Amino acid sequence: KAGVTQTPRYLIKTRGQQVTLSCSPISGHRSVSWYQQTPGQGLQFLFEYFSETQRNKGNFPGRFSGRQFSNSRSEMNVSTLELGDSALYLCASSLEPGLGTEAFFGQGTRLTVV
Amino acid sequence: DAKTTQPPSMDCAEGRAANLPCNHSTISGNEYVYWYRQIHSQGPQYIIHGLKNNETNEMASLIITEDRKSSTLILPHATLRDTAVYYCIVRVAGLYGSSNTGKLIFGQGTTLQVKP
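Remember, predicted model here, so these are calculated numbers, not experimental data.

### Some thoughts on the overall build of chain A
Here is step 1 of the chain: Looking only at helices and strands, one finds 0 helices and 11 strands in chain A.
Here is step 2 of the chain: Counting from the amino terminus, helix and strand elements in chain A follow one another as β-β-β-β-β-β-β-β-β-β-β.
Here is step 3 of the chain: Computed over the C-alpha atoms, the radius of gyration of chain A is 13 Å, within 12% of the 13 Å expected from 2.2 N^0.38 for a compact globule of 114 residues.
Here is step 4 of the chain: Its C-alpha atoms give chain A principal-axis dimensions of roughly 40 × 25 × 25 Å.
Here is step 5 of the chain: Per-residue burial for chain A yields a buried fraction of 52% across its 114 residues.
Here is step 6 of the chain: In chain A, once contacts between residues fewer than 6 apart in sequence are set aside, the share between residues at least 24 apart is 54%.
Here is step 7 of the chain: Each charge class in chain A was averaged separately, 11 positive and 7 negative side chains, and the resulting centres sit 6 Å apart.

### Considerations on the packing of aromatic side chains
Here a ring pair, both rings aromatic, is described through the centre-centre distance and the interplanar angle of the planes.
Here is step 1 of the chain: Counted under the stated rule, the structure contains 14 aromatic pairs over all chains.
Here is step 2 of the chain: Pairing Y35 of chain A with F45 of chain A gives two aromatic rings, centres 5.6 Å apart and planes at 70°, and the pair type is edge-to-face. Pair noted here: Y35 of chain A is in strand β4 (residues 31-38) and F45 of chain A is in strand β5 (residues 42-50), with a separation of 10 residues, a long-range link. Across the pair, F45 of chain A and Y35 of chain A agree in class, each one buried.
Here is step 3 of the chain: One aromatic cluster in this structure is built from Y35, F45, F104 and F105 of chain A together with Y32, Y34, Y36, Y46, Y87 and F106 of chain B.

### Concerning the sheet that holds strand β1 (residues 5-7) of chain A
All names here are of chain A.
Here is step 1 of the chain: With antiparallel pairing, the 4 strands of this open sheet are ordered in space as β1-β3-β8-β7. In this open sheet, the two edge strands, each paired with only one partner strand, are β1 and β7 (64-68). In this sheet, adjacent strand axes meet at a mean angle of 20° when their direction is disregarded.
Here is step 2 of the chain: In this sheet, strand β8 (residues 74-78) lies alongside strand β3 (residues 19-24) in antiparallel orientation, the contact comprising 5 bridges. Its bridge partner being in β8, S22 is matched across the sheet by E75.

### Here's the deal with the side chain of E75 of chain A
Residue and element names in this part refer to chain A.
Here is step 1 of the chain: Position of E75 among the secondary structure elements: in strand β8.
Here is step 2 of the chain: Among the polar contacts made by the side chain of E75, one reaches the side chain of R73 at a distance of 3.3 Å.
Here is step 3 of the chain: Leaving out residues up to four positions away in the same chain, E75 has contacts with T20, L21, S22, W34, S65, G66, R67 and F69.

### Side note on the state of the cysteines
All names here are of chain A.
Here is step 1 of the chain: This model, assessed by the stated rule, comprises 2 disulfides over all chains.
Here is step 2 of the chain: Here C23 pairs with C91 through a disulfide, and the sulfurs are 1.7 Å apart. Sign of the S-S torsion, about -55° for the bond between C23 and C91, identifies this disulfide as left-handed. A residue pair is termed long-range when its members are at least 10 positions apart, and C23 in strand β3 and C91 in strand β9 (residues 87-94) qualify at 68 residues.

### Comments concerning the confidence of the model for chain B
Residues and elements named next belong to chain B.
Here is step 1 of the chain: Here chain B averages 89 in pLDDT, and 89% of its residues register 70 or above.
Here is step 2 of the chain: Predicted confidence in chain B is weakest over strand β8 (residues 84-92), with a mean pLDDT of 90, and strongest over strand β7 (residues 70-75), with 98.
Here is step 3 of the chain: Below a pLDDT of 50 lies the segment residues 95-100, which in the model reaches 8 contacts outside its immediate sequence neighbourhood of four places, other chains included.

What counts and how
Residues numbered from 1 in each chain as written. Chains lettered and ligands numbered in written order. Predicted model: local features only at pLDDT ≥ 70, side-chain atom pairs only at ≥ 80, totals over all residues. Heavy atoms only, no water. Helix = DSSP H or I, 4+ residues; strand = E, 2+ residues; numbered from the N terminus. Rg over C-alpha atoms; globule rule 2.2 N^0.38 Å. Buried < 20%, exposed > 50% of the residue type's maximum accessible area, 1.4 Å probe, protein only. Contact = heavy atoms within 4.5 Å. Lys, Arg positive; Asp, Glu negative; His and termini not counted. Charge placed at Lys NZ, Arg CZ, Asp CG, Glu CD. Phe/Tyr/Trp six-rings, centres within 6.5 Å; stacked < 30°, edge-to-face > 60°. Pairing = 2+ DSSP bridges. Axes fitted to C-alpha atoms, helices over the stretch in contact; angles between N-to-C directions. Polar contact = N/O pair within 3.5 Å; in protein donor to acceptor, adjacent residues only side chain to side chain. Disulfide = S-S within 2.5 Å. pLDDT = per-residue confidence, 0-100.

Structure representation (structure tokens):
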């Protein structure tokens, strides 16, 4: 059974550009969450999607957005990139955001903004 | 979601049991205790979770105190590959359709160093 797949693994972008990251959850998993990890702030929740609907959103500016498709794959977009957006972006999938289900993480996308 | 407190770092000798404590004194009745670990530059890995009973799986055991205000993750025979940051998280796990059921709030975790 394939794990959570995130693409690309590494990305270098320039300030002001926009970026789209992709996450394919484990087959059968319908819930996808996104996290940002930086040395200063640690792991922070970005948003959660289930059945193509955003169920929860973290405390991030509107430049950060996401979506989920009917096959449960998810994308997140960051517009007008800032140097501070350099981070490891992690995606986690779970069966559904229900009782006691565990989340499985991908390897992440390392984004560097220059 | 309840806040957790963990020691920033711990050492353990290879082959010995590693006992990682976590305080969650404000935990609510519908919040589970989850443990994840993150090996350098990889995504967090799920270890175990529980509500009020002790739990054991192939990776670890989770001991939750009767008042649920603290818990201990036990790695029975630590190896060098268990060196990682360990996160204790309490999470609302309500019924399908309720909010806040997928979100994980990570603290700073405990850096466990297993030494030969």
